[in-house]
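Coordinate analysis (summary)
So the chains spell out like this:
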Amino acid sequence: MKRRNFLLVSLGALCGVVGWRAARSSDESAIIKVLHKRLDYLRLDAAGVRRFAHDLAAHHAMSSFRLRLIDAAGDLYTDLALSSRNALDDGIRRGEERVVTQFLISSDFFQNGADESRIVQYLSYYDPFVACNSL
């Protein structure tokens with residue numbers, strides 16, 4: 001009986017920690033983590049990354065639940081190397097690619113000839129449905 005109580009208390013503590021981290025997580029923090037993980041070879045303007053994360057979260061282009069899970073995972077997500085081919089890895093990779101693509105087309109990266117030596121500056125949120133976007 002003592003072992004069962006120990007397992008229940010341990011499981012309850014684990015659920016509490018996960019719930020606490022999920023409650024404190026934010027979409028913007030997850031977007032920033034995705035950008036720094038996937039674009040670690042580029043020099044990104046920190047203020048621009050924060051503005052982009054705010055703009056992307058405001059447009060609700062990504063699932064808030066999934067972004068909060070990424071943020072709650074913390075170092076587990078940022079240190080995770082996806083090498084296997086399964087539905088979970090493919091889903092994470094597709095979500096990351098959407099964030100990275102939206103950031104790069106919203107920045108001056110391609111305007112500067114995709115020069116990896118320059119600091120990438122965020123210009124404005126790229127919306128293909130707005131005529132004459134302010135890029």
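Residues numbered from 1 in each chain as written. Predicted model: local features only at pLDDT ≥ 70, side-chain atom pairs only at ≥ 80, totals over all residues. Heavy atoms only, no water.

Helix length check: helix H2 (residues 27–38), at twelve residues, gives a terminal C-alpha distance of 17 Å against a target of 16 Å (1.5 Å per residue), a fit within 8%. Here H2 has its buried residues at Asp27, Ala30, Ile31, Val34, Leu35 and Lys37. Looking straight down H2, one finds that the buried residues subtend no more than 165° of arc, so they occupy a single side. (Helix = DSSP H or I, 4+ residues; strand = E, 2+ residues; numbered from the N terminus. Expected span 1.5 Å × (residues − 1). Buried < 20%, exposed > 50% of the residue type's maximum accessible area, 1.4 Å probe, protein only. Arc of directions from axis to C-beta.)

Next up on the list: helix H3 (residues 46–59). Every α-helical turn comprises 3.6 residues, leaving residues that sit three or four positions apart pointing alike. Between its first and last C-alpha atoms H3 spans 20 Å; for 14 residues at 1.5 Å apiece the expected length is 20 Å, and the two agree. Directly after H3, the chain includes His60, whose backbone phi takes a positive value near 50°.

As a further point, take the packing of aromatic side chains. Counted by the stated rule, this structure contains four aromatic pairs. On the basis of an interplanar angle of 75° and a centroid distance of 5.2 Å, the ring pair of Phe52 and Phe103 is categorised as edge-to-face. With Phe52 in helix H3 and Phe103 in helix H6 (residues 87–105), this pair connects stretches of sequence that are 51 residues apart. Side by side, Phe52 and Phe103 carry an identical accessibility label, which is buried. Plain terms: the ring middles of Phe109 and Phe110 are 5.1 Å apart, the flat faces sit at 70° to each other, and that makes the pair edge-to-face. Among the aromatic residues, ring-to-ring pairing joins Phe52, Phe103 and Tyr122 into one connected group. (Phe/Tyr/Trp six-rings, centres within 6.5 Å; stacked < 30°, edge-to-face > 60°.)

Turning our eyes to something else, we now look at unusual backbone geometry. A positive phi is found at Ala114, a non-glycine position, where the angle reads about 55°. Along the chain, the position of Ala114 falls in the loop between H6 and strand S2 (119–120). Residue classification places Ala114 among the partly exposed residues on the basis of a relative accessible area of 33%.

Turning our attention to the nonpolar core. Residues Ile31, Leu35, Leu39, Leu44, Phe52, Val99 and Phe103 are the most contacted members of the largest nonpolar core, which totals 22 residues. Those elements that place two or more of their residues in this core are H2, H3 and H6. Those residues in contact with Ile31 that sit more than four places away from it in its chain are Phe52, Ala53, Leu56, Ala57, Leu67 and Val99. (Core = buried A, V, L, I, M, F, W, Y, C linked by side-chain atoms within 4.5 Å. Contact = heavy atoms within 4.5 Å.)

Here the protein averages 75 in pLDDT, and 65% of its residues register 70 or above. Here helix H5 (residues 75–78) is the element of the protein with the lowest mean pLDDT, 60, and strand S1 (residues 43–44) is the one with the highest, 88. (pLDDT = per-residue confidence, 0-100.)

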